[in-house]
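These are the residues of each chain, in order.
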Amino acid sequence: MARNDSGDRSGGQSFFGCAYCHEAFPEKRELEVHQSMVHAGLPFSVVPAPLPEREKGLLHRAPTAAISKSIPLSEVNRHCTPEDCWVALNGKVYDLTEFMDRHPGGPTTILSWAGKDASKMFNDIHKGIKIDQYLRPEASLGDLGVDESLMSDSFWHTLRKARIQEVKEELNRLKQAATRDSDAHPSSCKAGRRQPFSIAKLLQEENLDADLRASLQSLETQKRVALDVEDFARAQEIKIRADALLAEAQVSMVSKQDRSGGIPLSEVAHHNKPHDCWVALYGQVYDLTDFLLHHPEQRNAVLAWAGRDASPMWNKIPGRFPSSTWMDYFMRPEARMGEVGKEPQGDPREEEIQQLQDELRRLEGPSEEDIQAAQAGATRAVPAAAEASKLSEEARFPRLQQIVAGKELQFFTRAEVAKHKGPPGGPPGTEPYIILHNRVYDLTPLLQNHPGGDDVLLSRAGTDATKDFELFEHSEKSRVKRDQEMLVGEIVPAERMDWTAEVATSGAESTIQKAGSEVARYLRYKATDALVAMVALYAHWSFQKRKPLSKLTYSRGLRHLHLIMAVGIFGALGSAHAASRAEGMAKKRYLAIHKQTGVAMLLALVVRVYFRMKSGIPPRFPGHPAMKFIETQSLRLFYVLLLALPVSGMANEYFLKWAPGEERTGNKKDDERNAALAKQALAVHTRVGKFFEFVWLPFHLGYTTAYHYSRGRGVVRKVSPFI
């Protein structure tokens, strides 16, 4: 039907078509130029036209083609998430996000190489196989690496950022034009945008509800675990749950289409998973999902064409899908769903907007937070041992197996846990989680109740803290309570670490390091020998200078204890500060020194009190009565502090490890009481220690040193037992 007006873009026919040939143009003035040059002498005539074939071809071009035909590895590294997974293979870059779920080896294998060059791994396993035959054309993004003679890696990214700005401006222009057309022709213009193609694309939508995003990501993880073990029935159940979740949230993945004219290939493309597999073949659409469940030996051949038209491969390999022999032997009548229909006519402007949005999504890539989480979660999984090791947590603490028996734990990837860094009460998906022995725990119930303080916990949120956890030798009681109150899931099997193998590896590495530093080890041993010799000399010298107990005077004999207590005080304070700044095994060593020096102070205090009571007390130093009073009260406070510090520390240790709890008394409140008392004891220990270090010690040492120095007495005589 000819049209001589300016063109009403109704019914999705928004291009200006030439009435004398098959050319179509987006603007009327372009058509006028065409007819004046090609069809000179004929009146101007226009017909509604769909999107031209040459324009449709642009929709399948890789977005990076606007910058360069090649892609640097640094750009591939950015696309390392399940929703945006790029892999370099033999000099080519592929987007394997769509292919991941139908990969014969499971999706986790591909995810482990997301954002990397997997050429060696691929060639070792798939010799002679061309991956392009299993992928859609748009999955091939370009060549790997840029020509350094043309541009540098950094300049490529400069062009990428410039292209992002261009796409955003073009999107704004098209959306504004669509809004104007919608206002001018509200009855003929379709509102809204095209629905996302898959859950992976939906998860990249910026305006997606946070709760819905977290739930969908969790279901996607559970699905990948099921596909890894080829549990397609379980994957199908998870898909049904995801569909129900989307329906409840009123989110539609694809537009509902009328199948009276057949099933278009665009709808077939949505069903491209092992648990939801449609294939088109010579004008017919077949649902082969049930077939895959019962014929595992045929899965690879069928999954290669899941969601696609397999007609080009017809009878290429006799007896194998797709072939006439295979159809006669395996195909059932109920698998046929209908004929392939024509593609529904879409609005060209909406298709152009969708194409630009896809380009923008690929150019921008995942967010920096998602990239950092994926890189933090990337780890080399150590193969699990065939038998339960004697060093494994389950073998050492059998009660833990009873707690999780019969429970279906949720699966997490390490990248997902890496996003859970807190703070408590934050947005969904950020709760503080931690990994211990391949299990995931929510730290929220432990906050404000952990004897070591909340800072220690939150500093490890989002990480695997198994090594640090084992360094401090937590009791079985604390581990049982941990699993009862904090356990939320477990790490996916492909990313689990074998703690026993890790310990062995660490031991081997430490042995190599020690072998490479023989001089340092020799000096360390000699320093220890020198310290032992000094202690022995000190004891011998003190024994030679001994006097009968009745003649022991406070001014000389008790100076030995002065020295021992001074070493204990400064050793305890120094080791406490060192432990607060150390990590791992070093932290454990400093805490052990802190405990030992504390016990030494307590023993020295008891001995000093005993000697003080047995020896003659010398007359006080001359001075003002106020000074004498201050010195007396300061020394009494000193005794109280030196008694409170080790006692509070030992009380914390007692209530944590040895106090009778639920397993002995059968009363759950006993565990809660012990935890509260342990926390109170640690709080007292910390406050008293700070008061002793920052108040009493500077005051006492300052005023006594100044007083005795002003009286002409050598300060060294106050602390030396040999003068």
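Everything quoted here is computed from the prediction, not taken from an experiment.

K.L.:
Can you explain the state of the cysteines? Please cite residues and give values.
P.N.:
On inspection of all chains with the given rule, the structure shows zero disulfides. Not engaged in a disulfide, the cysteine cysteine 18 finds its nearest cysteine sulfur in cysteine 21; these two sulfurs lie 3.6 Å apart. Overall, the relative accessible area of 3% leaves cysteine 18 in the buried class.

K.L.:
Tell me about the confidence of the model for the protein, and please be specific about residues and values.
P.N.:
Counting all residues, the mean pLDDT for the protein is 77, and 78% of those residues have values of 70 or more. This model gives residues 549-555 a pLDDT under 50, and the stretch forms 13 contacts once residues within four places in sequence are excluded.

K.L.:
Kindly report on the sheet that holds strand E10 (residues 276-281), identifying the contributing residues and their values.
P.N.:
Pairing is antiparallel across the open sheet formed by four strands, whose spatial order is E9-E10-E11-E12. If you trace the sheet from one side to the other, it starts and ends with strand E9 (272-273) and strand E12 (336-339), each paired once. Bridge count for strand E11 (residues 284-287) against E12 is three bridges, and the pairing is antiparallel. Looking at E12, one finds that glutamine 284 is bridged to glutamate 339.

K.L.:
Can you explain the sheet that holds strand E3 (residues 46-49)? Please cite residues and give values.
P.N.:
Strand order in the open sheet made by the three strands is E2-E1-E3, with antiparallel pairing throughout. Of all strands in the sheet, those with a lone pairing partner are strand E2 (24-25) and E3, marking the two edges. Relative to E3, strand E1 (residues 15-18) runs antiparallel, the two being bridged by four bridges. Looking across to E3, one finds that phenylalanine 16 is bridged to proline 48. Of the strands in this sheet, E1, E2 and E3 touch helix H1 (residues 28-38), which is tilted by about 15 degrees from E1.

K.L.:
Before we move on, could you go through a nonpolar patch on the surface and cite the residues and values that matter?
P.N.:
Where nonpolar side chains cluster on the molecular surface, the patch consists of Val599, Leu603, Leu643, Val647 and Met650 and spans about 430 Å² of accessible area. Of all the secondary structure elements, the ones that give two or more residues to the nonpolar patch are helix H25 (584-614) and helix H26 (625-658). Sorting elements by how many residues they give to the nonpolar patch places H26 first, with three residues. Summarising the element assignment, leucine 603 is placed in helix H25.

What counts and what doesn't
- Residues numbered from 1 in each chain as written.
- Predicted model: local features only at pLDDT ≥ 70, side-chain atom pairs only at ≥ 80, totals over all residues.
- Heavy atoms only, no water.
- Disulfide = S-S within 2.5 Å.
- Buried < 20%, exposed > 50% of the residue type's maximum accessible area, 1.4 Å probe, protein only.
- pLDDT = per-residue confidence, 0-100.
- Contact = heavy atoms within 4.5 Å.
- Pairing = 2+ DSSP bridges.
- Helix = DSSP H or I, 4+ residues; strand = E, 2+ residues; numbered from the N terminus.
- Axes fitted to C-alpha atoms, helices over the stretch in contact; angles between N-to-C directions.
- Patch = residues over 30% accessible without salt bridge, like charges linked within 9 Å, V, L, I, M, F, W, Y side chains within 5 Å.
- Areas by Shrake-Rupley, 256 points an atom, 1.4 Å probe, with all protein chains shown as cover.
- Salt bridge = Lys/Arg side-chain N within 4 Å of Asp/Glu carboxyl O.

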